[in-house]
Amino acid sequence: MQRIDPSNLRGYSRRLTILLIAALLGILLFLGVGIWSALNAHAQTTPVWESAGQIRDLAFQAQSELYAAARASDPSVHCQAAADLIDDAADIYQASLQPSFQEVTPGTDALVLDALTRARTAALNGDSSALAAARGRLWTALLQGSQTLTLSTLKAGDSASAAEWLRLREYRESTRVSTVDDPSAAAIADVEQNQLSAEEAAGIVANDLRDAYFFRLRDSLTQIEVAVEKDFPTRAAEWAGQAAGYFSILQADMTEKLGEDSTRSLSESFAALETAALHEDWSAVQTQVNTIREALSKYQPVELTPAEVAERGQLLYLFTDLIYIEYKNGVRDGQITIAIEYQEAVTFRGQAEVVFEELRPFIAAIDADAAARLEAILGELETTMLNLGEPQDVKALVDEALGIVENTLNVSADANDTSASFTILETLLNEMLVSVREGRYADAESTRLEAYAIFESGPEQRLVHRAPILSRELEGLFWEGTEGQKGLATLLAEKASAEDIAASTDQLNVKLNEAQDFLSLGMSGFLAVVNSMVIILREGLEAVLILGAILGYLRATNSPRKFSAWVYLGTVAAIVLSVLTWWAAQSLITISVASREIIEGVASLLAVAVLFYVTNWLFEKVYVVDWIVFVKEQVGKALNTGSALALAGLGFTVVYREGFETVLFYQALSFDAQASSVWLGFIIGSLIIFAVAYAILKLSKRLPLKPFFTVTGLLLMLLAFNFMGSGIRELQEAGIISAHLLTWMPENLILMELFGIFPTLETALAQVLFLLILLATFSYSLWRKKKALIPNPSPEGGRESPLPSGEG
């Protein structure tokens, strides 16, 4: 057996040890590279906007820890927790955003690090206001870095990275001239499709972002004043820091346009503003806000063409004019009478202020005193409206403001113009989308209702007879939906994603543009006559058919004429009340669109109740009571009081249901057509209606009675079925009853007009319920007849012959 040399064994052992150590190091190196790669991949796959959001959220949590520290017996624990959260935010920044910031915009990197240092120091010191100011600076520094990187990557030809960095941004509040349609994102998309050069796209993006951040800068000054008024020092400090940050974003452009001296003075004012806010020196805060506003009035972030100035001038006039129009409808005797009208007035004042800020440099160049006075008026309006002042005080301020706009910009606008309604609609829909993007679904729904009220009271009344299919499509898009697609009301109720709601809004805007183009074509005299005739036929024929059938019944049964007078009395009363309601709504009281829908809906359901009573009554006489006996008994016999009142009530409800709306339709038509054409169409339509009524009355004498009343009963049932669906639909449009789209139900205009069948769950259930109740009552009446015809045993045990049951 060969012996092993011990020296060789030691050599083998050393080599084996070296191999094991090398293998172990290799494994560790492999794992390290794998872990580093995974972490790096995670960092790269985390969107920059999400990383920025995490930083912002951690800073906010640190602020919450300081709030807790103020209430705790040992605040140091919470202060340290706040500092740790800031450290976590710094770690995220270093791992995700800092490498790009350091490479492209080192100055912004320094701003972020300075804000993080200030935040950590404030956290350890338990200084809530200082932390809030640092948070404001931190967030705006991240926005500034994102803006720089968006433009640099775009110019370098990397549109994908530019689109990614662009997602870290803020938007301004929307107006008609600044919508939530993202022009920056659209420009980058055009670059990717070779439809726009990178340089051109960079110019669009720069203008869009400057416009947004200048709006945010002005808004931050307003928010500081609000915080001071409410004595919220932490909020005031946060907004002061944020205002300084927005100024930093715009500083280079301001230097180019205002000059170095003016920009340096502005920088000093922002620093002084933040210092005053941190020391809660509210007088100094207001002084600095006023100084900054005065300096900013000379700055225009985006150059406007003369056409754009004129367009904005018209909008300023329009929004200002609408303040009083809506306010007088929403406030009376120091009380908010119609909340949505008041809110619209507040919205339009805000929109007027936004447009004024854009136009201030142009107005000031023409008349500096006028610009200052217009600014003061808008402030006085805000105070007066907040205190629910008298409408006449608002009117005086509005009239003065309109005079300034007319004299300085040489523009005016008509709030009743078609384009004005569509302008307001676009503004409100954009505002709704902003609310959705910020997660404020309740505010979005309120704005949607405002927009629908504008549509229903203006364009829809002019479309409904000229383009009924388009009118119905628009209504569906505002509410439950159309053609299988969910509408805005449904999507908002479901809290759908911003993308889904934006897609539905885009479709609605397409249809609104189609409606605007259609209405802008005007109307010939012949079409005006036809539309006028259609209005009276559409709105009046249902009532005439019902009233004609009832009057025919009264004539056929030779009822005393005074009972026909009950029907005429109810009809005349409804016509008079319709006209009085319209006049009162114009002169004395305010009836909102929602209130009008409620009136029409309730009137429809009352008509259903009366028609239900009448149809059961006719069925009783035709099929339950011996018909010949009944007719003979009616000759010269008075109806009872209940029946007479029912006839009067029927005449009233079926006419008033349509009367008020008919007046409004003619008012809308008179805007598009000559009065002579409107009157001619009305007269022709009225003659047709009278001819129908006359024919019904004549037929009631010539046709056999039982078939006549069978047809009459079926007609009344059909109309009651229609009114049930239409009444529920009106209440849906008033927001009283919800609307859920039935995608399988046909969305047919004929079904809606003739049968009141709408593709919603609520209207369908109501009509099914109506039919079931009607069937139940008819079955009960037939059961009573059958029971009455069963002979009773005679005393002698015989059977009696069946006898007429009289009144049953």
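Conventions adopted
- Numbering of residues begins from 1 in every chain and follows the order in which that chain's sequence is written.
- With pLDDT at 70 or above as the cut-off, local features in this predicted model cover only qualifying residues; side-chain atom pairs require 80 or more to be listed or tallied, and sums for whole chains, interfaces and linings still use all residues.
- Only hydrogens and water are removed before side-chain values are computed, so all heavy atoms of the structure are retained for them.
- Under the DSSP-based scheme used, a helix requires at least four consecutive residues in state H or I and a strand at least two consecutive residues in state E, with every element numbered from the N terminus.
- Any residue under 20% of the maximum accessible area for its type is buried, any over 50% is exposed, and the rest in between are partly exposed; the area is computed with a 1.4 Å probe on protein chains only.
- Values of accessible area rely on a 1.4 Å probe in the Shrake-Rupley scheme; residue burial ignores everything except the protein chains shown.
- N or O atoms closer than or at 3.5 Å make up a polar contact, with two conditions inside protein: a donor-capable atom paired with an acceptor-capable one, and, for residues adjacent in sequence, both atoms drawn from side chains.
- Here pLDDT means the predictor's own confidence in every residue, given as a number from 0 to 100.
- Contacts: residue pairs with any heavy atoms within 4.5 Å of one another.
- In plain words, nonpolar cores are sets of buried Ala, Val, Leu, Ile, Met, Phe, Trp, Tyr and Cys residues tied together by side-chain atoms within 4.5 Å.
- Put simply, two rings from Phe, Tyr or Trp (the six-membered ring, in Trp's case) pair if the centres are within 6.5 Å, and we call them stacked under 30 degrees between planes, edge-to-face over 60, tilted for the rest.
- Salt bridge, as used here: a side-chain nitrogen of Lys or Arg that lies within 4 Å of a carboxyl oxygen of Asp or Glu.
- Exposure above 30% relative accessible area and no salt bridge define the residues that can form patches, which grow by joining like charges within 9 Å and nonpolar side chains of Val, Leu, Ile, Met, Phe, Trp and Tyr within 5 Å.
- Taken from the helix axis, the directions to the C-beta atoms give the arc we talk about.
- Under the convention used throughout, the expected extent of a helix is 1.5 Å for every residue step, that is, one less than its residue count.
- Take the seven residues that end at a residue and the seven that start at it, fit an axis to each, and the angle between those axes is the bend at that residue.
- Between N-to-C directions, angles span 0 to 180 degrees; the directions come from axes that are lines fitted to C-alpha atoms, helices contributing only their stretch in contact.
- Oblique is the label for any angle not covered by the other classes, which are roughly parallel (under 35 degrees), roughly antiparallel (over 145) and roughly perpendicular (65 to 115).
- Each crossing is labelled by how the near helix is turned from the far one, with a counterclockwise turn of less than a right angle marking it left-handed and a clockwise turn marking it right-handed.
- Under the convention adopted here, Pro, Cys and the residues Ala, Val, Leu, Ile, Met, Phe, Trp and Tyr are nonpolar, Asp, Glu, Lys and Arg are charged, and Gly plus all remaining residues are polar.

**Considerations on the overall build of the protein chain**
Okay, so step 1: From N to C terminus, the protein chain includes 30 helices and four strands.
Okay, so step 2: Taken over 808 residues, the protein chain has a buried fraction of 49%.
Okay, so step 3: When the accessible surface of the protein chain is totalled, it reaches about 38100 Å², and 60% of it is carbon and sulfur.

**Section: the side chain of Arg 169**
Okay, so step 1: Looking at where Arg 169 falls in the secondary structure, it is placed in the loop between helix H6 (159-166) and helix H7 (183-192).
Okay, so step 2: Looking at Arg 169, its side chain comes within polar contact range of the side chain of Asp 208, at 2.7 Å.

**Brief notes about the confidence of the model for the protein chain**
Okay, so step 1: Residues of the protein chain with pLDDT of at least 70 account for 77%, and the chain-wide mean is 80.
Okay, so step 2: Ignoring residues within four places in sequence, the model shows residues 34-44, a span with pLDDT below 50, making one contact including any to other chains.
Okay, so step 3: Between residues 796-808, whose pLDDT stays under 50, and residues either more than four places distant or in other chains, the model counts 25 contacts.

**Quick look at the nonpolar core**
Okay, so step 1: Ranked by internal contacts, the top residues of the largest apolar core, which has 73 residues, are Leu 97, Leu 142, Leu 217, Ile 224, Phe 270 and Leu 273.
Okay, so step 2: With 12 residues, helix H8 (residues 198-229) is the largest single contributor of residues to this core.
Okay, so step 3: Counting 67 residues, the second largest nonpolar core, distinct from the first, contains Leu 374, Val 394, Leu 428 and Ala 451.

**Re the packing of aromatic side chains**
Two numbers describe a pair of aromatic rings. These are the distance of the centres and the angle of the planes.
Okay, so step 1: Under the criterion given, the structure shown has 14 aromatic pairs.
Okay, so step 2: When the centroid spacing of 6.1 Å and the interplanar angle of 20 degrees are considered together, the rings of Phe 319 and Phe 348 count as stacked. Here Phe 319 is found in helix H12 (residues 306-330), whereas its partner Phe 348 is found in helix H13 (residues 339-366), with 29 residues between them in sequence.
Okay, so step 3: By relative accessible area, which is 0% here, Phe 319 ends up buried.
Okay, so step 4: Measuring from centroid to centroid gives 6.2 Å for Tyr 327 and Tyr 342, while their planes differ by 50 degrees, and the two rings are tilted. Placement of Tyr 327 in helix H12 and of Tyr 342 in helix H13 is noted, with a sequence separation of 15 residues between them.

**Observations concerning the pattern of salt bridges**
Okay, so step 1: All told, the structure shown has 31 salt bridges when counted by the stated rule.
Okay, so step 2: For Arg 440, the salt bridge identified is with Glu 438, shortest N-O distance 2.8 Å.
Okay, so step 3: Given the relative accessible area of 46%, Glu 438 is considered partly exposed.
Okay, so step 4: Measuring nitrogen to oxygen at the nearest pair gives 3.8 Å for the salt bridge that ties Lys 511 to Glu 514. With Lys 511 and Glu 514 both in helix H21 (residues 498-520) and three residues apart, the pair spans about one turn of that helix.
Okay, so step 5: One continuous salt-bridge network, built from bridges that share partners, spans Asp 114, Arg 118, Arg 137 and Glu 274.

**Quick look at a nonpolar patch on the surface**
Okay, so step 1: A contiguous nonpolar patch, built from Val 572, Val 576, Leu 577, Leu 580 and Trp 583 and spanning about 440 Å² of accessible area, is present on the exposed surface.
Okay, so step 2: Its place among the elements puts Trp 583 in helix H23 (residues 561-587).

**Observations regarding H7**
Okay, so step 1: Listing the buried residues of H7 in full gives Ser 184, Ala 187, Ile 188 and Val 191. Within H7, the buried residues cover an arc of 95 degrees as seen down the axis, which keeps them to one side.
Okay, so step 2: Contacts made by the buried residues of H7 are with helix H5 (128-155), H6 and H8.
Okay, so step 3: Looking one or two places after H7, you find Asn 194, whose phi comes out positive at around 60 degrees.

**Regarding H13**
Okay, so step 1: Between the first and last C-alpha of H13 there are 38 Å, a value that for 28 residues agrees with the 40 Å anticipated at 1.5 Å per step.
Okay, so step 2: Its axis deflected by about 55 degrees at Leu 359, H13 carries its strongest bend there, up to four residues before the proline Pro 361.

**Some details on unusual backbone geometry**
Okay, so step 1: You will see that Asn 194, though not glycine, has its phi angle at about 60 degrees, which is positive.
Okay, so step 2: Structurally, Asn 194 is set in the loop between H7 and H8.

**Looking at the environment of Ile 454**
Okay, so step 1: Inspection of the secondary structure assignment puts Ile 454 in helix H17 (residues 441-457).
Okay, so step 2: Ignoring any residue separated from it by four or fewer positions in sequence, one finds Ile 454 in contact with Glu 326, Glu 344, Ser 421, Ile 424, Leu 425, Leu 428 and Pro 459.

**Side note on the packing of H12 against H13**
Okay, so step 1: Between H12 and H13, the shortest axis-to-axis distance is 8 Å and the interhelical angle comes to 155 degrees. Taken together, the axis directions place H12 and H13 in an arrangement best described as roughly antiparallel. Pair H12 / H13 crosses with left-handed handedness.
Okay, so step 2: Residue composition of the contact of H12 with H13, by class: 15 nonpolar, five polar and six charged.

**Some words on the environment of Ala 528**
Okay, so step 1: Following the sequence through the fold, Ala 528 ends up in helix H22 (residues 525-556).
Okay, so step 2: C-alpha separation for the pair Ala 528 and Val 678, spaced 150 residues apart in sequence, amounts to 6.2 Å.

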